[in-house]
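Single-letter residue listing:
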Amino acid sequence: MDPALKIVIVDENPVRAAILADGLREAGYTHVTRIEEMTSLLARIYELDPDVILIDLENPSRDVLAQMFQVSRAVKRPVAMFVDQSDSAAIEAAVDAGVSAYIVDGLKKERIKNILDLCISRFHAFARLKDELERAQTALSERKVIDRAKGILMKIRKISEADAYALLRRTAMNENKKIADLAQSVVTAAELLK
Amino acid sequence: MTADALRVGFIPLVDSAALLVAVDKGFAAHEGLAVELVREVSWSNVRDKLNIGLFDAAHLLAPLAIASSLGVGHVKMPLLAPFLLGFNGNAITVSPGLYDLLAAATDGNLADPNVSARALARVVADRRGKGRDPLTFGMTFPFSTHNYQIRYWMAAGGVDPDEDVRLVVLPPPYMVDSLASRQVDGFCVGAPWNSIAVELGIGRILHFGRDIVAHAPEKVLAVRAAWAANRADVLQRLLRALGRAALFINDPANLDDVAALLAAPQRVGVAPELIRATIEGRLRTALGGTPRVAPDYVMIGRDGAARPELLDAAWLYAQMVRWGQAPFSMESVAAAKACFRPDLYDSAVERSATLPDMPADRIGAFVGPPFHDDDVAGYLAALKMPPGHR
């Protein structure tokens, strides 16, 4: 571990960037900076002069970093990708997690191996979190629409809540549909017939 | 028989049309291929995912396929380009402010790139004399025809693109914003971004890419060399589907259909009128002006344009050497040529007529020495001479 390494995170997603930055700080890296403004990305990177750059793969600005590989006067410190031919497993793991890492030329790869590992595990953790959140949100909105459909059926058919739910469930089964989808049709139909 | 499943990456640009049409019009399915198209946000992603096998094939910048094969600028991975998805399609757009400066710096017609390049040199010299920051220009990737075209134009006027101006990579979706906020004074990018800048009144199209280089190999279908060897039959069927898609696109009766298909949010995702105008080469160069029409503005599989020629690969490699991206060697010329595979194309696609009005050297740069792929070193030496001595 090398706490002196300057690490830059390029990620437009504030939550994921925070999760990653926290992880790096917990691991003892003190120089962690996030860049969120993409229009002057290269200028910011030169200003910060990092040893390691971590960027998410959803970011179109990855191509801006490609310029740093060029041997040109505009580029101050040449940058290399963390992985080379011998590291196909590492590059696959990183791409799979949705992240890419760049290091300044000459920096020994062993020195940042644990940074990349941490990065990969935090990206996976974020993806799981996002998944769970989406599932929870879907479940919540499905419950809401089923409640509305039940209310409509109770009013129109003058039946109890339990009967309204049983009716929805039976009809959904007969039509080979999800209850939530059928409930949505009931709500839509009711709105049209208003 | 179950279909062979393929994952193919693409960037939402009009020149991915042959690929998108091959899948969405069922030409791929007809060949027994179940193609999953994956829309990507950066060329770096497309290259990496192709390299590590997450993609079987990809829509790729033609020079990037060669750079990857040579191991220039990144991890070496031999790629093959058996199908040219598009020729041309770029344009150089400048801010109205820079356009006025260029117009004031010359008596000639700015539509002539010789005139505009010399005017640029005068504007650059004038700014330097006044101690002002150099002009900044955007392009899409170091290994792209956008980069080589804008450099070719600048150099023709005596402007050194590495010394006299700032030339920076900008992702295409950020180009227009950067021009509006004056972070850049101009850019070289593909459709539809030039037209969007024009319609917003923040840019003027100075040149179509074809004004600089008449016949620039733009995008290829790229596959790993090892994959092509192992799955020769699948590749052949994919190429056949692309060939059929190219014919479909070039039938004027299908143009509305093609534009609607490409306009879908998960495909290119811009207005169908804009896609149609791009394919027809009908672009307004200034707000409120009448469109300029150039049928070769972009060429997708038309009149044999999809056949990758060895000369195209050698020319792209020569541009890499010219701008210091790659060292020169005869081995690299051969390796670059080996990346383009007209033989694979011929084995799958019926040859159509050759291109009409082809430039004598096939490339057709507006100025400078003609290109010969058997004398790349001589071509590069001739480029180094001052413009008056060519």
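The rules behind the values
- Residues numbered from 1 in each chain as written.
- Chains lettered and ligands numbered in written order.
- Predicted model: local features only at pLDDT ≥ 70, side-chain atom pairs only at ≥ 80, totals over all residues.
- Heavy atoms only, no water.
- Helix = DSSP H or I, 4+ residues; strand = E, 2+ residues; numbered from the N terminus.
- Rg over C-alpha atoms; globule rule 2.2 N^0.38 Å.
- Buried < 20%, exposed > 50% of the residue type's maximum accessible area, 1.4 Å probe, protein only.
- Areas by Shrake-Rupley, 256 points an atom, 1.4 Å probe, with all protein chains shown as cover.
- Contact = heavy atoms within 4.5 Å.
- Axes fitted to C-alpha atoms, helices over the stretch in contact; angles between N-to-C directions.
- Parallel < 35°, antiparallel > 145°, perpendicular 65-115°, else oblique.
- Nonpolar A, V, L, I, M, F, W, Y, C, P; charged D, E, K, R; others polar.
- Domains from an automatic or database assignment.
- Buried area = accessible area lost by both parts, 1.4 Å probe.
- Salt bridge = Lys/Arg side-chain N within 4 Å of Asp/Glu carboxyl O.
- Polar contact = N/O pair within 3.5 Å; in protein donor to acceptor, adjacent residues only side chain to side chain.
- Phe/Tyr/Trp six-rings, centres within 6.5 Å; stacked < 30°, edge-to-face > 60°.
- Lys NZ or Arg CZ within 6 Å of the ring centre and 35° of its normal.
- Pairing = 2+ DSSP bridges.

Notes on the overall build of chain B
So, point 1. Secondary structure assignment for chain B yields 18 helices and 13 strands.
So, point 2. Rg of the C-alpha trace for chain B: 20 Å, near the compact-globule value of 21 Å for 390 residues, within the 12% margin.
So, point 3. Taking the principal axes of its C-alpha atoms as reference, chain B extends roughly 70 × 45 × 35 Å.
So, point 4. For chain B, the residues scored as buried account for 62% of the 390 residues in total.
So, point 5. A total accessible area of about 14300 Å² is found for chain B, and carbon and sulfur atoms account for 52% of it.

As for the overall build of chain A
So, point 1. If you tally the helices and strands in chain A, you get 7 helices and 5 strands.
So, point 2. Beginning at the N terminus, the succession of helices and strands in chain A can be written as β-α-β-α-β-α-β-α-β-α-α-α.
So, point 3. In chain A, which comprises 194 residues, the share counted as buried stands at 43%.
So, point 4. Excluding contacts between residues fewer than 6 apart, the proportion of contacts in chain A whose partners are at least 24 apart in sequence is 63%.
So, point 5. A total of about 10700 Å² of accessible surface is found on chain A, and carbon and sulfur atoms cover 54% of it.

Examining the packing of helix α6 (residues 113–129) of chain B against helix α7 (residues 145–156) of chain B
Residue and element names in this part refer to chain B.
So, point 1. The geometry of α6 relative to α7 is characterised by a closest axis approach of 7 Å and an angle of 75 degrees between their N-to-C directions. The pairing of α6 with α7 is recorded here as roughly perpendicular in orientation. Contacts between α6 and α7 involve P113, S116, A117 and L120 from the former and W153, M154 and A156 from the latter.
So, point 2. Looking at the contact of α6 with α7 residue by residue, the class counts come to 6 nonpolar, 1 polar and no charged.

Some details on the domain arrangement of chain B
Residue and element names in this part refer to chain B.
So, point 1. Here chain B is partitioned into domain 1 (4–87 + 216–284 + 296–381) and domain 2 (90–212).
So, point 2. Here domain 1 and domain 2 have C-alpha centroids that lie 25 Å from each other.
So, point 3. Taken together, the contacts link 33 residues of domain 1 with 33 residues of domain 2.
So, point 4. Interface area, domain 1 with domain 2, both sides summed: about 2900 Å², of which 65% is carbon and sulfur.
So, point 5. Together, Y297, W323 and F366 form the three largest contributors to the area buried by domain 1 at its contact with domain 2, with a combined 28%.
So, point 6. Here domain 1 and domain 2 share 2 salt bridges between them.
So, point 7. Note that R284 is salt-bridged to E199, the shortest N-O span being 3.1 Å.
So, point 8. On the surface where domain 1 and domain 2 come into contact, there are 8 residue pairs in polar contact (both at pLDDT 80 or more).
So, point 9. For the side of domain 1 that touches domain 2, the element with the most residues is helix α15 (residues 310–322), which contributes 4 residues.

Looking at the packing of aromatic side chains
Residues and elements named next belong to chain B.
So, point 1. Considering all chains together, one arrives at 6 aromatic pairs over all chains under this definition.
So, point 2. With a centroid separation of 6.2 Å and 65 degrees between ring planes, the pair formed by Y152 and F366 is classed as edge-to-face. With Y152 in helix α7 and F366 in the loop between α17 (342–348) and α18 (376–384), this pair connects stretches of sequence that are 214 residues apart.
So, point 3. What makes Y152 buried here is its relative accessible area of 3%.
So, point 4. According to the relative accessible area criterion, F366 is buried, its value standing at 18%.
So, point 5. Here R204 stacks its cationic end above the ring of Y99, 3.8 Å away from the centre of that ring.
So, point 6. Note that R292 overlies the ring of F208, its terminal NZ or CZ placed 4.1 Å from the centroid.

Some remarks on the pairing of strand β3 (residues 57–61) of chain B
Regular strands show a simple pattern: their side chains alternate between the two faces of the sheet.
Residue and element names in this part refer to chain B.
So, point 1. Judged by how many residues are buried, β3 sits mostly within the fold: 5 of 5 residues are covered.
So, point 2. Neither face of β3 is open: one carries A57, H59 and L61, the other A58 and L60, and all of them are buried.
So, point 3. Sheet analysis places strand β1 (residues 4–10) next to β3, joined by 2 bridges and oriented parallel. Bridge pairing in β3 links G9 to A58.
So, point 4. Bridge analysis of β3 against strand β10 (residues 217–224) gives 4 bridges, and the strand direction is antiparallel.

Overview of the interface of chain B and chain A
So, point 1. Counting residues at the interface gives 27 residues for chain B and 25 residues for chain A.
So, point 2. Carbon and sulfur atoms supply 56% of the area that chain B and chain A bury against each other, a total of about 2200 Å² over both sides.
So, point 3. Where chain B touches chain A, the interface holds 1 salt bridge.
So, point 4. Across the pair D48 of chain B and R62 of chain A runs a salt bridge whose closest N-O atoms are separated by 2.5 Å.

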